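Structural characterization, general
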Amino acid sequence: MDVLQAKNTAFERAQRREMQKRYVCGGCQKPIRDLSFKVHMQNCCPDLLGPLVNAPWPGSEVASQAALLQEADNMRRAVQLRFVGERKHSEEESAAALQIPLRRLRDILRKASKSIPLVVDEEMPEVIYEDDDLVAVNKPPHLRFSPPHRFVGLSLLNRMIGYLGPSWQTHVVHRLDMDTSGVALFAKRASAAKHLSMQFQDRMVSKEYLAICLGTPPAQLFEVAAPIGPHPELQERRAVCPGGLPSLTTCEVIDQGTHHGRPVCIILAKPHTGRTHQIRLHLAHVGLPIVGDIQYLPASELELSTVPRLIPHPSRQALHAFSIQFTHPSSNKTLVLDAPIPKDMRKTAQELNLRWDNLSTSLQQLSM
């Protein structure tokens with residue numbers, strides 16, 4: 001091979017290497033080959049091309065850098081519009097303000113959620129139990145279990161990040177409603193999370209809840225087997241309906257009495273299935289709505305329950321996740337964890353002349 005042929009061969013190789021170069025698309029963040037980069041952006045994120053559409057093409061490298069800078073600004077503005085400030089803009093309003101399609105806005109917000117770490121709350125949780133695999137805490141009432149968005153805190157999950165450190169990979173294995181207090185489990189590592197999640201999925205985890213209710217129980221020990229499905233009108237609620245998922249709750253009466261002539265009671269409930277709002281809905285279904293539960297109290301009871309001298313109640317549904325039993329992911333031993341009854345429910349029970357004396361006996365009966 002002479003010198004000219006060698007130069008031509010080297011030039012061809014350099015050309016092939018140049019053609020194989022890839023540049024990151026500002027929209028999908030994927031590396032795209034140089035030759036197809038412009039066409040790809042026209043299909044993926046034409047808004048990022050901006051003035052480059054009708055101007056001489058500056059090259060894929062320059063276009064990629066400009067698009068990435070523009071997308072970073074889009075992400076910042078999208079987060080501000082949707083989640084920050086007194087007025088939260090809708091998706092449609094945010095897309096219009098940014099002059100991008102709704103599909104692009106949703107893609108940008110998804111990228112933002114992955115790139116922005118969860119907020120760290122400094123307030124520490126009340127730890128019930130902790131080892132190398134898991135930590136159990138006593139969730140207070142009026143606290144979200146997880147934040148509505150990554151950009152805000154004020155949830156139990158944000159407190160756990162503050163407690164375990166920002167490097168903790170969040171492993172949530174179950175949840176509690178915002179106004180339900182009680183024991184909540186978090187896994188410290190992925191292997192423990194997988195083990196615990198399988199136990200919840202296979203219904204191998206035993207949970208007991210305490211509820212202060214209105215009404216007269218049908219028996220000392222009773223079951224509620226009623227299918228649960230979506231509410232026909234209200235998205236945030238559930239309903240007992242023929243086409244719902246099979247649901248079963250075992251209940252034990254801890255104490256019962258009357259207050260100003262109205263029957264009241266304390267119920268220990270053990271759900272055998274894990275439907276949303278299962279205990280609240282099942283108790284209301286058998287005429288035992290939980291005190292303070294504005295979603296499932298009948299209208300007549302709701303009106304009376306808001307008069308403190310008639311029915312004293314905490315400023316939330318009087319429902320507490322009292323106990324949880326599961327198999328430890330490392331030792332394979334049975335672990336039972338209890339969360340103390342919160343002050344607001346103890347005060348409500350005292351004002352209703354209801355007692356917790358039979359609680360330990362009832363726990364033994366329910367576990368049989």
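Calculation rules
- As a convention, each chain's residues are numbered from 1 in the sequence order in which they are written.
- It should be noted that, the model being predicted, local features are given only for residues of pLDDT at least 70 and side-chain atom pairs only at 80 or more, the latter also being counted only at that level, while totals for whole chains, interfaces and linings use all residues.
- In computing side-chain values, all of the structure's heavy atoms are included and hydrogens and water are not.
- Any two of the Phe, Tyr and Trp rings considered here, Trp counted by its six-membered ring, make a pair once their centres fall within 6.5 Å; the pair's planes then place it as stacked at under 30 degrees, edge-to-face at over 60, or tilted in between.
- Secondary structure elements follow DSSP: runs of H or I no shorter than four residues count as helices, runs of E no shorter than two count as strands, and numbering proceeds from the N terminus.
- Put simply, a nonpolar core is a bunch of buried Ala, Val, Leu, Ile, Met, Phe, Trp, Tyr and Cys residues held in one set by side-chain atoms that sit within 4.5 Å of each other.
- Summary of the burial criterion: residues with accessible area below 20% of their type's maximum are buried, those above 50% are exposed, and those between are partly exposed, where the area comes from a 1.4 Å probe applied to protein chains only.
- Whether two residues touch is decided by their heavy atoms; if any such pair falls within 4.5 Å, the residues are in contact.
- Throughout this description, the term salt bridge denotes a Lys or Arg side-chain nitrogen within 4 Å of a carboxyl oxygen of Asp or Glu.
- Per residue, pLDDT measures the predictor's confidence, with a range of 0 to 100.
- Any two strands with at least two DSSP bridges between them are considered paired.

1. Focus on the packing of aromatic side chains
Applying the stated rule across the entire model yields three aromatic pairs. Both rings, one in tyrosine 23 and one in phenylalanine 37, keep their centres 6.4 Å apart while their planes meet at 80°; by these two values the pair is edge-to-face. Here the residue tyrosine 23 occupies a position in strand 1 (residues 22–24), and phenylalanine 37 occupies one in helix 2 (residues 37–44), the gap between them amounting to 14 residues. Plain terms: the ring middles of phenylalanine 145 and phenylalanine 186 are 5.4 Å apart, the flat faces sit at 15° to each other, and that makes the pair stacked. With phenylalanine 145 in the loop between strand 4 (134–139) and helix 6 (156–164) and phenylalanine 186 in strand 6 (residues 181–187), the pair connects residues that are 41 residues apart, well separated along the chain. Every member of this aromatic cluster is reached through a ring pair, and the members are Phe145, Trp168 and Phe186.

2. Some thoughts on the nonpolar core
Core analysis: the largest hydrophobic core is formed by 64 residues, its most contacted members being Leu185, Phe186, Leu210, Ile212, Ile267, Leu283 and Phe326. In this structure, isoleucine 267 is in contact with Tyr209, Leu210, Ala211, Cys213, Pro217, Phe222, Cys251, Glu252, Val253, Ile254, Leu283 and Leu288, ignoring residues within four places of it in sequence. In terms of nonpolar packing, the next biggest core, distinct from the first, is built from 13 residues, Ala78, Ala95, Leu98 and Leu105 among them.

3. Here we look at the pattern of salt bridges
Inspection of every chain in the model, using the stated rule, returns 15 salt bridges. Residue lysine 111 pairs with glutamate 71 through a salt bridge whose shortest N-O separation is 2.5 Å. Here lysine 111, found in helix 5 (residues 102–115), pairs with glutamate 71, found in helix 3 (residues 60–83); they are 40 residues apart in sequence, far enough to count as distant. Residue class for lysine 111 comes out buried when judged on its relative accessible area of 16%. Salt-bridge contacts for glutamate 93 lead to arginine 87; the nearest nitrogen and oxygen are separated by 2.8 Å. Residue arginine 87 is classed as partly exposed on the basis of its relative accessible area, which comes to 47%. By sharing partners, the salt bridges in this structure join Asp47, Glu71, Arg104 and Lys111 into a single network.

4. With respect to the confidence of the model for the protein
Across the protein, pLDDT averages 87, with 88% of residues at or above 70. For residues 364–368, every residue scores under 50 in pLDDT, and the model assigns this stretch eight contacts once sequence neighbours within four places are set aside.

5. Focus: the pairing of strand 3 (residues 126–130)
One ladder, built from four bridges, connects strand 3 with strand 4; its direction is antiparallel. Directly across from glutamate 126, in strand 4, lies its bridge partner asparagine 138. Where strand 3 hands over to strand 4, the hairpin turn is made up of three residues, counted between the paired strands.

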